4 protein chains.
Amino acid sequence: MDFQLSARTLELQGRLWSFMLDSVAPAEKVYAEQMRASGDPHHYPAVIDELKSKARALGLWNLFHPDERYGAGLTNLEYATLCEILGRSPIAQEATNCSAPDTGNMEVLSMFGTEEQKRTYLQPLLEGTIRSAFAMTEPAVASSDATNISTRIERDGDEYVINGRKWWTSSAMHPHCKVLILMGKTDPTADRHRQQSQILVPLDTPGVTVLRSLPVFGYHDREGHGEVDFDDVRVPVGNLIAQEGDGFAISQARLGPGRIHHCMRAIGAAERALELMVARMKSRTTFGQPLSARSNLRDWVAESRVEIEMARLLTLKAAWMMDTVGNREARMEISAIKVVAPQVALKVIDRAIQVHGGGGLSDDFPLAEMYAYNRTLRLADGPDEVHRESLARQELSADRAAQHEALAVAGREQ
Amino acid sequence: MDFQLSARTLELQGRLWSFMLDSVAPAEKVYAEQMRASGDPHHYPAVIDELKSKARALGLWNLFHPDERYGAGLTNLEYATLCEILGRSPIAQEATNCSAPDTGNMEVLSMFGTEEQKRTYLQPLLEGTIRSAFAMTEPAVASSDATNISTRIERDGDEYVINGRKWWTSSAMHPHCKVLILMGKTDPTADRHRQQSQILVPLDTPGVTVLRSLPVFGYHDREGHGEVDFDDVRVPVGNLIAQEGDGFAISQARLGPGRIHHCMRAIGAAERALELMVARMKSRTTFGQPLSARSNLRDWVAESRVEIEMARLLTLKAAWMMDTVGNREARMEISAIKVVAPQVALKVIDRAIQVHGGGGLSDDFPLAEMYAYNRTLRLADGPDEVHRESLARQELSADRAAQHEALAVAGREQ
Amino acid sequence: MDFQLSARTLELQGRLWSFMLDSVAPAEKVYAEQMRASGDPHHYPAVIDELKSKARALGLWNLFHPDERYGAGLTNLEYATLCEILGRSPIAQEATNCSAPDTGNMEVLSMFGTEEQKRTYLQPLLEGTIRSAFAMTEPAVASSDATNISTRIERDGDEYVINGRKWWTSSAMHPHCKVLILMGKTDPTADRHRQQSQILVPLDTPGVTVLRSLPVFGYHDREGHGEVDFDDVRVPVGNLIAQEGDGFAISQARLGPGRIHHCMRAIGAAERALELMVARMKSRTTFGQPLSARSNLRDWVAESRVEIEMARLLTLKAAWMMDTVGNREARMEISAIKVVAPQVALKVIDRAIQVHGGGGLSDDFPLAEMYAYNRTLRLADGPDEVHRESLARQELSADRAAQHEALAVAGREQ
Amino acid sequence: MDFQLSARTLELQGRLWSFMLDSVAPAEKVYAEQMRASGDPHHYPAVIDELKSKARALGLWNLFHPDERYGAGLTNLEYATLCEILGRSPIAQEATNCSAPDTGNMEVLSMFGTEEQKRTYLQPLLEGTIRSAFAMTEPAVASSDATNISTRIERDGDEYVINGRKWWTSSAMHPHCKVLILMGKTDPTADRHRQQSQILVPLDTPGVTVLRSLPVFGYHDREGHGEVDFDDVRVPVGNLIAQEGDGFAISQARLGPGRIHHCMRAIGAAERALELMVARMKSRTTFGQPLSARSNLRDWVAESRVEIEMARLLTLKAAWMMDTVGNREARMEISAIKVVAPQVALKVIDRAIQVHGGGGLSDDFPLAEMYAYNRTLRLADGPDEVHRESLARQELSADRAAQHEALAVAGREQ
């Protein structure tokens, strides 16, 4: 057991930190001004393109992709430690071409895509010239049970015909978004986990209507969470990813890494909130002493530090397990971090807001927006309750309970 | 001891509920459409005027004012039970002319105002033809310690000259807002609690600039939280409320009732969130059973019910104490509810959001906005920490500790 | 609505406080010495008899009984406020003849007992010359579902024959304990709630064996929690209380008041713990300042005060509802306090222990023992989970949900 | 970074598990019977000697000692993983000669002891033929601030004279306890951290009086927590450990490893509680379904699993840091686990108690005793509050805050 990061990871962290401090940090203000000036919450500000050029020149590009043919070729564990750093700024992910859901879409296409799908969609995504969306959740059903998903994908000659309604289709409002991967039912009569398929749908296909941008609290995310209607949408059969019925299996492939990314970004956000809280405590005075002298607030600092450390270690262990024994064996750890990391981030951010007073709730600090974003993580990719249930099921399974029964069954006898 | 509401209160509650169900509930949708159509977050939609007419005709007008010459003449306890009902809808307060901070401003003017101040400002406020704001918090200092407030009010002949910066000046964006009451320093050398005064400032006075609307979690409140600059603002000496140095004393008069109102509205919001949660649990199904069958979510329902009940009882007791022994003797209870009621509301609303999935975070349900609003209550009128400190100080005071010392000092002797 | 206690209640409180301070407080030390000297955890120390004489002379006797023929004739609300005071000392209940489970047993006998049962058991119990136990819970089944109870009561001529095993039979170790009321099955084939009956069993009946005293944490309660075996125990048919099948109905009659008593005593214990915590904070110094100057500990004081106040108000409301609309209508409130009051007490006591350091865990202060006792209340008379389930069931019932549906169903439409 | 345990650690874990299952588990019942039969809470039961022989034969002896000359020569990280296994049974530590405070005493003597001290005390301790105690905490002062400690150690010729009172002197009641290490003041006028010294005091020295055994929640620990009086106790100057004034430095050396041991044992206890909870949930039925089907209890299982995993990872990281960068650099992690591990254990044990009903509070299951023991860990070696304060101090220190200031200072500017 060794908690030391590898030399390669440390070198990449250093390079990324330099980029964050030298380029991203000053760009945050420019970004805010360009967004304000545009008056459009979904505007693509020019400063992003500048950051993308710089990042690419520094070799900080497609860091997420585990295959060296497509990206940095890092393990989940290695990339996780970079993901935390990216999570400190809301513009760092796009700057390094590591934005969700593009990352998952690119992984899926590189693993399951045909040559034509790779040429048409994967290549420009890797270049950062287009963006993409992922359409899974539906407004009419509880999507936490994925078998509820009801959008139909029906074969009609050389085409598939798609009908249904999706929402929380992330990135659908991005001006560069050209295509989405949609999950839907090809065969409602098949086995429960073979009914679903995934298919590529260009956003400009007739019948695709982005109805609206869904706000989160009062925020309209720049990349947007779209509600999208699919009305007799026809795409060529070549747009299907892998085979009919493979939808669930493909999801499994993307979800593991995606959860690591989300969780490490949440931890990065929590670190930033803690730094803001500490800075504020030192700069404000009430009743004759700085806030930093008050032991109740000091306790918040201490608890935040401990909670962050634990969530990070667990997430890194989950990443390591994915690298060493695979996503399936790591499912307990993945469920665990999916519950823990957003909750830790929310706790720390909420404390930071409280220390900032009214300003913490406004846009003068990034805290309220960070809170809103991290609150979505308790629901996205399955609500906490589904992941806790998954943990309980594994813990209650016979094998585990039998493990050390001799010591466990001590107790009452008469 | 008697937990039964009076016949008069029950009658008023019934009348108000009818108004809420018959008029306010259907108006909520019209309101949403009129707001959306205007494209202006600070728009004053016509439906509010219709509701105001109806409410006034029903005798549901100025319910908050304890003096029959100005309003309903209810005790704090009586009005508190109505306030909870008003808290269920974001448009009910203005409909009944019971919006903060007008309510506190009207109370202050009726108690301390000159005849001219009453004629000029109190009368149209009571009629509901103008709105008003309250300017206390400042961006540059920790206003939780009110002695930090530094805006200057300096006498110059027959005028006072005001210089400073305020923020979280609620209602400053309302199109009808004509005047604000400002708290500032007339004598920085006086005793700590005699330095501050309150003064009426018409919003159109030269030198008054409403710089911007402060968002809360991305929301721009319709009535607005303004950041307001005061640059050599001159008002006649007759605009001073009471005497120089009375600022703190006037604040005390308004804060007690205001906190009851805030807390009871928070409880009303919590009740609505609980109802929404219950309705959602009955209507959604996952993994073959309705959410309402899951005992973890059922526990949330149970805990929400208990927490709401306790917060309500404590708030009503605080109101009763204000009515019977006065604000000063009730200060422990007032501090207590100020901490408890918003936290209960936030807990219940957050659970309701979780049960609603992604929709709970969007504007399809009122939950996210309710969360944002109630989160401000943990900071407005003093953050939780100030109120807990006040509670601790009283609890640790000698008198209280001596109360039952004989039983308390049991313990170790050697 | 009126939070003022009646003159009669205030007078009784005053008289009881005097007794607590003048007689009970000094007796606590004598009690501890007599217990230590005896070397028997179930010893009946002489000081209790002295206190009983004093209490009776002061008219502080059988305060619990709502019927003036048998006791003080107080309402549930009135007695509740006395119960809190009694809860401050572990010897005050027996001193005033208000010990559980005698109180419940006396209520049951006065309501359902035959003349002979009253003469034989109720009379000496009211005199305080004997004690009694209540045998319901069984070790072999989850008794939180009372229909699981399986001890058999079978009629055989003029006798009932009892076979089974009970535990947590409170007071079974008291040297004065002469009789127990046992709950068991007379007809396993009857309707679910008509299978059980209650019957009087003298402790010296052949076949009754008190197997052992059950410890709570490491404490052997003076009155004891017994595990009792019933092996072909024969009692006359006249020992049955009311009719066969009435067991559940009789339980309902005793449980409501019993829960009020438990909860108010828990609140009294919490008050005492808070006083001890405050006293300790004032007397101990670390790193150059008294503990009472540390804002994290001050927050504990504030939170304890608020939590106690809320739990007390809810319990008093539950008592008031029992007095005004009956136990059945008050069941939601009774379930609520059953969950809340012990948890508040445990939280406050645990904080007080922490402030006391190692001493708080030992017997130098009453805190650890108070913790142990109050921990049992989360399980006795049904675990928290059963009461939360009961609350949820009522909250989710159709009637309640329909109450204000117009405001509740707002939200998304498509 | 690598979460894989070394082959050596895995081999040792396997060997230790076999010993636990084959020898310790069956011995637990014998142990309970021998203790009960003796009627003495401080009895040394014969079964312990049998276990000690077996453990020694298996090479499971003095596992804790990092120096191969004295013990297993394991790193902190390696031993930590064994410590968790030992923590599952209350008799496993003595069986393997790894009991606190002997472990710390042996470490101190091997590092700082003279040859004579080693021969007289270290050698028999390593052989397991005697036991020892550690006397630091004092009843009259808040020992969480170690500078408060006031027992005097005064030189008088060739002797030191000791006067003072200690309590929570662990192991003082063990029949084999022959010596204690005492911390006291040799020079009250020296610098704050040079006033204290440590000295060996044979328990049979005139003037040493073990006054009493301190209970914890009613339990008298077998090895005992003694209150010990020192009245003109004279020991030779050769009994001083290292030099006068070295007391604090010596403490630092022992505290780090000691905290790892405590925390890993707490985690072992939590694992056992979780196993007992799961087993109970499967075996009990209420209202027609096993407890294991209830999602609220399933959530407890899930949360327990996650909390245990995180606490374990943090503790192992702290151990690894001690091994790689030293105790001083690891102080943040050590403070963190000192707060976290006992709290996690208490949470999990409390849930397990609740699932077990009344039995969980009695001695039919080890849960109540485990709770009591783990509750002491929130106070022993400094209360949580001292460790949180230490964490806050480090987090608020200038260096750390400056680390990434560019990203932290984003926010409001006008």
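It should be emphasised that the depicted structure is a prediction, and the values quoted were computed from it without experimental measurement.

A. Representation of the overall build of chain A. What chain A contains, in helices and strands, is 14 helices and 10 strands. Rg of the C-alpha trace for chain A: 22 Å, near the compact-globule value of 22 Å for 414 residues, within the 12% margin.

B. Up close: the interface of chain D and chain A. Contact with chain D, which involves 54 residues of that partner, is made by 54 residues of chain A. Within the residue set of the side of chain D that touches chain A, elements represented by two or more residues are α1 (7-38), α7 (247-283), α8 (295-324), α9 (331-356), α12 (384-396) and α14 (405-408) of chain D. Element by element, the count of residues in the side of chain D that touches chain A is highest for α8(D), at 14 residues. Class assignment of the residues belonging to the side of chain D that touches chain A gives a composition of 32 nonpolar, seven polar and 15 charged.

C. Region of interest: the relation of the copies chain A and chain B. Take chain A, turn it by 180°, move it 0.0 Å along the axis, and it overlays chain B with an RMSD of 0.0 Å. Put plainly, the chains are arranged around a two-fold axis. For chain A, the residue whose C-alpha comes nearest the rotation axis is G218(A), separated from it by 1.8 Å. Take the interface residues of chain A: 97% of them recur as interface residues in chain B, which is what a same-surface contact looks like.

D. Broad picture of the UniProt feature "domain: Acyl-CoA oxidase/dehydrogenase middle" (unreviewed entry) in chain A. The residues that UniProt annotates with the feature "domain: Acyl-CoA oxidase/dehydrogenase middle" (unreviewed entry) are residues 133-233 of chain A. With 0% helix and 50% strand, residues 133-233 of chain A has its two end C-alpha atoms placed 16 Å apart.

E. Here's a closer look at the relation of the copies chain D and chain A. Expressed as a screw transformation, the operator carrying chain D onto chain A has a rotation angle of 180° and an axial translation of 0.0 Å, and the superposed copies differ by an RMSD of 0.0 Å. A share of 100% of interface residues in chain D that are also interface residues in chain A marks the association as one of identical surfaces.

F. Focus on the packing of helix α1 (residues 7-38) of chain C against helix α2 (residues 46-57) of chain C. All names here are of chain C. Running from N to C, α1 and α2 point in directions that differ by 165°, and their axes come no closer than 9 Å. Judged on the interaxial angle alone, α2 and α1 are roughly antiparallel. In this structure, the crossing between α1 and α2 has a hand that is left-handed. In this structure, α1 uses F19, S23, V24, A27, V30, Y31 and Q34 to contact α2, whose residues at the interface are A46, V47, L51, K54 and A55.

G. Quick peek at the interface of chain A and chain B. Taken together, the 34 residues of chain A in the interface contact 33 residues of chain B. Considering only residue class, the side of chain A that touches chain B consists of 15 nonpolar, 12 polar and seven charged.

H. Structural detail: the UniProt feature "domain: Acyl-CoA dehydrogenase/oxidase N-terminal" (unreviewed entry) in chain A. The sites that UniProt annotates as "domain: Acyl-CoA dehydrogenase/oxidase N-terminal" (unreviewed entry) are residues 31-128 of chain A. Counted over residues 31-128 of chain A, helix gives 60% and strand 0%. Its end C-alpha atoms are 19 Å apart.

I. Layout of the domain arrangement of chain A. Residues and elements named next belong to chain A. One can read the domain layout of chain A as domain 1 (7-113), domain 2 (131-241) and domain 3 (248-402). Averaged C-alpha coordinates put domain 1 and domain 2 at centres separated by 26 Å. Here the side of domain 1 that touches domain 2 is composed, by residue class, of six nonpolar, four polar and one charged.

J. Focus on the confidence of the model for chain A. Residues and elements named next belong to chain A. Chain-level pLDDT for chain A is 94 on average; 96% of the residues reach the 70-or-more range. Between residues 404-414, whose pLDDT stays under 50, and residues either more than four places distant or in other chains, the model counts 21 contacts. Complex prediction metrics read pTM 0.96 and ipTM 0.95.

K. Up close: the environment of H176(D). All names here are of chain D. Looking at where H176 falls in the secondary structure, it is placed in the loop between β3 (159-170) and β4 (177-185). For H176 and L200, which are 24 residues apart along the polypeptide, the C-alpha to C-alpha distance reads 16 Å. The contacts of H176, once residues within four sequence positions are left out, are Y44, I130 and R131.

L. Inspection of the nonpolar core at higher detail. In terms of nonpolar packing, the biggest core is built from 360 residues, with I349(A), I349(B), I349(C) and I349(D) touching the most fellow members. With residues near it in sequence (within four places) discarded, I349(B) still touches A269(B), A270(B), A273(B), L367(B), M370(B), Y371(B) and N374(B).

M. Local environment of the pairing of strand β3 (residues 159-170) of chain A. All names here are of chain A. One ladder, built from five bridges, connects strand β2 (residues 152-156) with β3; its direction is antiparallel. Counted as the bridge partner of R152 is N163 from β3. Here β2 folds back onto β3 in antiparallel fashion, the turn holding two residues, of which G157 has a positive phi close to 65°. Of the strand pairs in this sheet, β3 and strand β7 (residues 225-236) are connected by nine bridges, and their pairing is antiparallel. Paired with G164 across the two strands is F230, which belongs to β7.

N. The arrangement of helix α1 (residues 7-38) of chain A in detail. All names here are of chain A. Across its 32 residues, α1 extends 43 Å between first and last C-alpha, which sits within 8% of the 46 Å expected from 1.5 Å per residue. M20 marks where α1 bends most, by close to 35°. When we look at burial in α1, the residues that qualify are L12, L16, F19, M20, V24, A25, A27 and Y31. G39 lies just past α1 and shows a positive phi near 70°.

O. Spotlight on the pairing of strand β4 (residues 177-185) of chain B. All names here are of chain B. For β4, a buried count of eight out of nine residues is recorded, marking the element as mostly surrounded by other parts of the structure. Pairing of strand β1 (residues 131-135) with β4, which is carried by five bridges, proceeds in the parallel orientation. The residue of β4 that forms the bridge with A135 is L182. Where β4 meets strand β5 (residues 196-202), seven bridges bridge the pair, whose relative direction is antiparallel. Residue pairing in the sheet places L182 in a bridge with I199 of β5.

P. Looking closely at helix α3 (residues 76-86) of chain C. The element α3(C) is largely enclosed, with a buried count of 11 among its 11 residues. The inward-facing, buried residues of α3(C) abut α1, α4 (92-95), α7 (247-283) and α8 (295-324) of chain C.

Q. Looking closely at unusual backbone geometry. Cis rather than trans, the peptide bond between A100(A) and P101(A) has omega equal to 0°. Its place among the elements puts P101(A) in the loop between α4 (92-95) and α5 (102-112). Here the phi dihedral of F287(A) falls at roughly 50°; this positive angle occurs in a residue that is not glycine. Tracing the backbone shows F287(A) in the loop between β9 (285-286) and β10 (289-290). Of the residues examined, F287(A) has 12 C-beta atoms within 10 Å and is grouped as exposed. Here W168(D), not a glycine, exhibits a phi torsion of approximately 55°, which is positive. The residue W168(D) is located in strand β3 in this model.

R. Layout of the packing of helix α9 (residues 331-356) of chain A against helix α12 (residues 384-396) of chain A. Residues and elements named next belong to chain A. Running from N to C, α9 and α12 point in directions that differ by 145°, and their axes come no closer than 9 Å. With respect to the hand of their crossing, α9 and α12 are arranged in left-handed fashion. Residues M332, S335, A336, K338 and V339 of α9 lie in contact with α12, whose contacting residues are D384, H387, R388, S390, L391 and Q394. Residues belonging to the contact of α9 with α12 are distributed by class as follows: four nonpolar, four polar and three charged.

S. A look at the environment of T120(B). Positionally, T120(B) belongs in helix α6 (residues 115-127). For the pair T120(B) and L313(B), spaced 193 residues apart in sequence, the C-alpha to C-alpha distance is 39 Å.

T. Highlighting the environment of L255(B). With respect to the secondary-structure elements, L255(B) resides in helix α7 (residues 247-283). Along the backbone, L255(B) and G104(B) are 151 residues apart, and their C-alpha atoms lie at a distance of 7.8 Å.

Conventions used here
What you see as residue numbers is a count from 1 along each chain, following the sequence as written. To label them, take the chains in the order written and letter them from A, then take the ligands in the order written and number them from 1. Two thresholds apply to this predicted model, a pLDDT of at least 70 for residue-level local features and 80 or more for giving and counting side-chain atom pairs, whereas whole-chain, interface and lining totals are computed over all residues. We count a stretch as a helix when DSSP gives it H or I for four or more residues in a row; a strand needs E for two or more, and each element gets its number in order from the N terminus. C-alpha atoms define the radius of gyration, and 2.2 Å times the number of residues to the power 0.38 defines the globule rule. Whether two residues are in contact is decided by their C-beta atoms, placed from the backbone, lying within 7 Å. Under the scheme applied, nonpolar residues are Ala, Val, Leu, Ile, Met, Phe, Trp, Tyr, Cys and Pro; charged residues are Asp, Glu, Lys and Arg; polar residues are all the others, including Gly. A least-squares fit on C-alpha atoms brings the copies together, and the residues used are those whose pLDDT is at least 70 in both copies. UniProt positions are given in the numbering used here, feature names are shortened, and annotations may be inferred rather than shown by experiment. All axes are obtained by fitting lines to C-alpha atoms, using only the stretch in contact for helices, and the reported angles, taken between N-to-C directions, cover 0 to 180 degrees. Each angle gets one of four labels, with under 35 degrees taken as roughly parallel, over 145 as roughly antiparallel, 65 to 115 as roughly perpendicular, and the rest as oblique. A crossing counts as left-handed when the near helix is turned anticlockwise from the far one by less than a right angle, and as right-handed when that turn is clockwise. Here the bounds of each domain stem from an automatic or database domain assignment. Residue-level confidence of the predictor, termed pLDDT, takes values from 0 up to 100. Here, a nonpolar core denotes buried Ala, Val, Leu, Ile, Met, Phe, Trp, Tyr and Cys residues that are linked to one another through C-beta atoms within 7 Å. Residues with at least 20 neighbouring C-beta atoms inside 10 Å of their own are called buried, those with 12 or fewer are called exposed, and the rest are partly exposed, where every C-beta is derived from the backbone. When DSSP finds two or more bridges between two strands, those strands count as paired. Given a helix with a known number of residues, its expected span is that number minus one, times 1.5 Å. By definition, a residue's bend is the angle between the axes fitted to the seven residues ending there and the seven starting there.

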